[in-house]
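Topology and contacts: notes
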Amino acid sequence: MRMYDIICKKRDGFSLTSQEIQFFIDGVTNKTIPDYQTSSLLMAIVLKGMNKEETAALTLAMMKSGDIIDLSQIEGIKVDKHSTGGVGDKTSLVLGPLVASFGVKVAKMSGRGLGHTGGTLDKLEAIPGTKIEIERDAFIKQVNEIGCAIIGQSGHLGPADKKLYALRDVTGTVESIPLIASSIMSKKLASGSDTILLDVKFGSGAFMKTLEDAKKLAEAMVAIGKSLKRDTRAILTDMDQPLGLAVGNALEVKEAIATLKGEGPSDLTTLCLEASAIMLEQAGVVKNAKDAYPALEAKIKSGEALLKLVEMIKAQGGDETYITNPEKFVKSAHVFEVLATSAGYVQHIDSLAIGIASMKLGGGRETYEDVIDMSAGIVLNKKVGDQVQIGDRLALVYTNKSDDVSRPILVDVHDAFTYSKTKFEVKPIIHAYIK
């Protein structure tokens with residue numbers, strides 16, 4: 001078998017066999033295939049596509065290229081949720097404890113943020129002392145005893161995907177649904193959970209810009225999961241404005257805590273309740289997700305959901321008093337107001353612009369080596385559909401950077417808001433459910 005022949009076959013629009021795909025991934029993993037041939041095949045895949053069988057075979061080969069996490073020592077059904085990334089997305093900090101409060105096991109491996117999107121691990125590290133690197137036995141023990149853990153991914157999880165991702169990033173081959181779907185699913189399937197709920201975001205602050213493209217990606221990933229005998233479902237959620245009000249690590253943790261107390265913003269609360277209900281159905285706790293809502297609200301009202309977050313943070317070495325007393329979180333030296341200079345109804349809040357502004361304030365990183373200012377970020381005072389008068393506060397901006405650095409960023413935050421002169425119907429946070 002020759003890589004040259006595989007490239008030509010895909011270039012001419014033919015389907016690759018599972019053996020040819022395995023040969024390709026083996027060569028990527030053991031470095032016997034040069035980057036120029038790998039990049040050539042990636043471009044052929046972008047141009048000619050892959051069918052469901054090819055995409056599943058690619059996912060399986062990438063999944064097996066490295067570690068496959070064995071969670072069999074964790075009792076009961078293990079559930080997981082994956083988001084394709086968005087601005088203000090702190091749902092894992094709410095979902096994990098909330099679902100675990102029902103006795104369901106949430107064994108989650110998450111990533112860090114880069115660019116305009118925040119990472120769950122960075123948010124966790126805003127809580128002093130919290131460890132996200134945990135040995136396997138300690139991880140399993142924590143999930144068995146407490147019900148949830150959120151840790152960093154194994155260093156050898158999906159090495160083929162890491163190589164392909166690096167090449168795709170510099171060769172113009174990122175925009176391919178089979179490549180995106182296999183990249184995400186190879187890691188999630190290797191993580192060992194029994195069920196997977198995918199939160200596929202679309203809009204200005206998401207990788208997929210349109211609902212149509214998000215639906216194609218979600219359907220591809222659900223098909224992969226089902227082909228490999230995993231209960232895989234997806235929701236399509238709106239990222240045409242930031243999720244919730246807070247953007248920035250400590251600020252988002254505080255908002256997650258408020259949500260677990262029943263005091264969170266409506267869009268974040270709705271998403272967390274609906275996603276939790278689906279996960280409880282996947283775990284067999286309820287027959288139908290709709291039946292879970294009263295019980296979910298009761299767990300929040302009783303404080304049991306928040307207690308699970310306290311237990312998880314304490315188990316991972318964090319100072320749990322930050323959960324019970326969020327005022328302890330570090331505060332920025334500067335807080336700036338962003339005031340409206342136009343009147344009307346907020347029609348759109350550019351999530352990408354808000355995410356980039358938060359990063360520039362110190363709340364994110366442009367490279368993985370950058371150090372994050374955990375206190376920095378933005379809290380919105382207006383959301384899509386809200387009425388605004390001239391002089392109303394649109395947002396508060398938190399930073400430790402100087403006035404000279406901050407002032408242009410305040411303009412960017414201001415300009416992220418656009419208005420309609422007439423009132424309109426606000427779209428729901430969840431647009432579709434695929435199973």
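Residues numbered from 1 in each chain as written. Predicted model: local features only at pLDDT ≥ 70, side-chain atom pairs only at ≥ 80, totals over all residues. Heavy atoms only, no water.

**As for the overall build of the protein chain**
Rules: Secondary structure counts use DSSP, requiring at least four H or I residues in a row for a helix and at least two E residues in a row for a strand, with both numbered from the N terminus. When we talk radius of gyration, it's over C-alpha atoms, and the globule rule is simply 2.2 Å times the number of residues to the 0.38. The buried label applies to any residue whose accessible area, calculated with a 1.4 Å probe on protein chains only, is under 20% of its type's maximum; exposed applies above 50%, and partly exposed to all values in between. Residue contacts follow a heavy-atom distance rule, with two residues in contact if any of their heavy atoms lie within 4.5 Å. The protein chains shown are the only cover counted for residues, whose accessible areas, like all others here, come from Shrake-Rupley with a 1.4 Å probe. Lys and Arg are tallied as positive, Asp and Glu as negative. Neither His nor the chain termini are counted. Think of each charge as sitting on NZ of Lys, CZ of Arg, CG of Asp or CD of Glu.
Regarding its fold elements, the protein chain presents 17 helices and 13 strands. For 435 residues, the compact-globule formula gives about 22 Å, and the C-alpha radius of gyration of the protein chain, at 22 Å, lands near that figure. Overall size of the protein chain, expressed as C-alpha extent along the three principal axes, is 70 × 45 × 40 Å. When the 435 residues of the protein chain are sorted by exposure, 56% land in the buried category. Long-range pairs, those at least 24 residues apart, make up 78% of the contacts in the protein chain with a sequence separation of at least 6. A total accessible area of about 18400 Å² is found for the protein chain, and carbon and sulfur atoms account for 52% of it. Taken together, the 52 basic and 55 acidic charged side chains of the protein chain have centroids lying 3 Å from each other.

**Let's talk about the sheet that holds strand E10 (residues 387-388)**
As a reminder, the rule being used: For two strands to be treated as a pair, DSSP must find no fewer than two bridges joining them.
Overall, antiparallel pairing links the 3 strands, which are arranged E10-E8-E12 in an open sheet. The open sheet terminates on both sides in strands that have one partner only, identified here as E10 and strand E12 (417-420).

**What about the nonpolar core?**
It is characteristic of soluble globular proteins that their nonpolar side chains tend to be buried jointly. Test applied: To form a nonpolar core, buried Ala, Val, Leu, Ile, Met, Phe, Trp, Tyr and Cys residues must be joined to one another through side-chain atoms within 4.5 Å.
By size, the foremost hydrophobic cluster in this structure holds 78 residues, and its most contacted members are Leu309, Ile323, Ile354, Ile378, Val397 and Val413. For this core, the element with the most residues is helix H12 (residues 266-282), which contributes 9 residues. Once residues lying within four places of it in the same chain are set aside, the contact partners of Val413 are Val338, Ile354, Ala357, Ile378, Ala395 and Val397. Counting 32 residues, the second-largest nonpolar core is a separate cluster that includes Ala107, Ala149, Ile180 and Ala234.

**What to know about the environment of Glu297**
Locating Glu297 in the fold gives a position in helix H13 (residues 293-302). Considered as a pair, Glu297 and Lys261 are 36 residues apart in the sequence and their alpha carbons are 9.9 Å apart.

**A word on the packing of aromatic side chains**
Put simply, the rule reads: For Phe, Tyr and Trp, rings pair up if their centres lie within 6.5 Å, where Trp contributes its six-membered ring, and each pair is then called stacked (planes under 30 degrees apart), edge-to-face (over 60) or tilted (otherwise). Any Lys NZ or Arg CZ found within 6 Å of a ring centre and within 35 degrees of that ring's normal is scored as a charge over the ring.
With the rule as written, the count across this model stands at 1 aromatic pair. Pairing Tyr322 with Phe329 gives two aromatic rings, centres 5.2 Å apart and planes at 75°, and the pair type is edge-to-face. The class for Tyr322 is buried, based on a relative accessible area of 13%. Above the ring of Phe102, the side-chain terminus of Lys299 is found at 5.1 Å from the ring centroid.

**Some words on the sheet that holds strand E2 (residues 105-110)**
What counts, and what does not: Between the N-to-C directions of two axes lies an angle of 0 to 180 degrees, each axis being a line fitted to C-alpha atoms and, for a helix, fitted only over the stretch in contact.
Taken together, the 6 strands give an open sheet; going across it, the order is E3-E2-E1-E4-E5-E13, and neighbouring strands pair in mixed fashion. The outermost strands of the open sheet, each flanked by one partner alone, are strand E3 (148-152) and strand E13 (430-434). Recorded for the sheet is a direction-independent mean angle of 20° between the axes of neighbouring strands.

**A word on the environment of Gln316**
Position of Gln316 among the secondary structure elements: in the loop between helix H14 (304-315) and helix H15 (321-324). Separated by 192 residues in sequence, Gln316 and Leu124 place their C-alpha atoms 9.9 Å apart. Apart from the residues lying within four places of it in its own chain, the contact partners of Gln316 are Gly129, Thr130, Lys131, Ile134, Gln142, Ala149, Ile150 and Ile151.

**Quick notes on the confidence of the model for the protein chain**
Test applied: Predictor confidence is given residue by residue as pLDDT, running from a minimum of 0 to a maximum of 100.
Here the protein chain averages 93 in pLDDT, and 97% of its residues register 70 or above. Between the elements of the protein chain, mean pLDDT differs from a low of 87, seen in helix H8 (residues 159-171), to a high of 98, seen in E10.

**Concerning helix H10 (residues 211-227)**
Filter applied, for reference: Expected span of a helix, by definition, is 1.5 Å for each gap between consecutive residues, and there is one gap fewer than residues. When we speak of the arc, we mean the arc of directions from the helix axis to the C-beta atoms.
The end-to-end C-alpha distance of H10, which contains 17 residues, comes to 24 Å, matching closely the 24 Å that a straight helix rising 1.5 Å per residue would cover. Turning to H10, its buried residues number three or more, namely Ala214, Leu217, Ala218, Met221, Val222, Ile224 and Gly225. In an axial view of H10, the angular spread of the buried residues amounts to 155°, which keeps them on one side of the axis. Looking at the packing, one finds that the buried side of H10 touches helix H4 (52-63), helix H9 (177-190), strand E4 (195-202), strand E5 (231-238) and E13. Once H10 finishes, Lys229 follows within two positions and takes phi at roughly 65°, a positive value.

**So, the side chain of Thr130**
Note the cut-off: Whenever a nitrogen or oxygen atom comes within 3.5 Å of another N or O atom, the pair is scored as a polar contact, on the condition that within protein one atom can donate a hydrogen and the other can accept it, and that pairs from neighbouring residues in sequence are kept only if both atoms are in side chains.
Looking at where Thr130 falls in the secondary structure, it is placed in the loop between helix H6 (120-125) and helix H7 (136-146). When its relative accessible area of 7% is taken as the criterion, Thr130 is described as buried. A polar contact of 3.5 Å, which involves the side chain of Thr130, links it to the backbone oxygen of Leu124. When sequence neighbours within four positions are dropped, the list of residues in contact with Thr130 reads Leu124, Glu125, Ile313, Gln316, Gly317 and Gly318.

**What to know about the state of the cysteines**
As a reminder of what qualifies: The disulfide definition used here is simple: a pair of cysteine sulfur atoms within 2.5 Å.
Under the criterion given, the structure shown has 0 disulfides. Of all cysteine sulfurs in the structure, the one in Cys272 sits closest to Cys148, which takes part in no disulfide; the separation is 14 Å.

**Observations concerning unusual backbone geometry**
With a phi angle near 65°, Lys31 is a residue other than glycine that sits in the positive phi range. Secondary-structure assignment places Lys31 in the loop between helix H2 (18-29) and helix H3 (35-48). When its relative accessible area of 74% is taken as the criterion, Lys31 is described as exposed. Of note, Lys229 is a non-glycine position whose phi angle comes to about 65°, a positive value. Here Lys229 lies in the loop between H10 and E5. Using a relative accessible area of 75% as the deciding quantity, one classes Lys229 as exposed.

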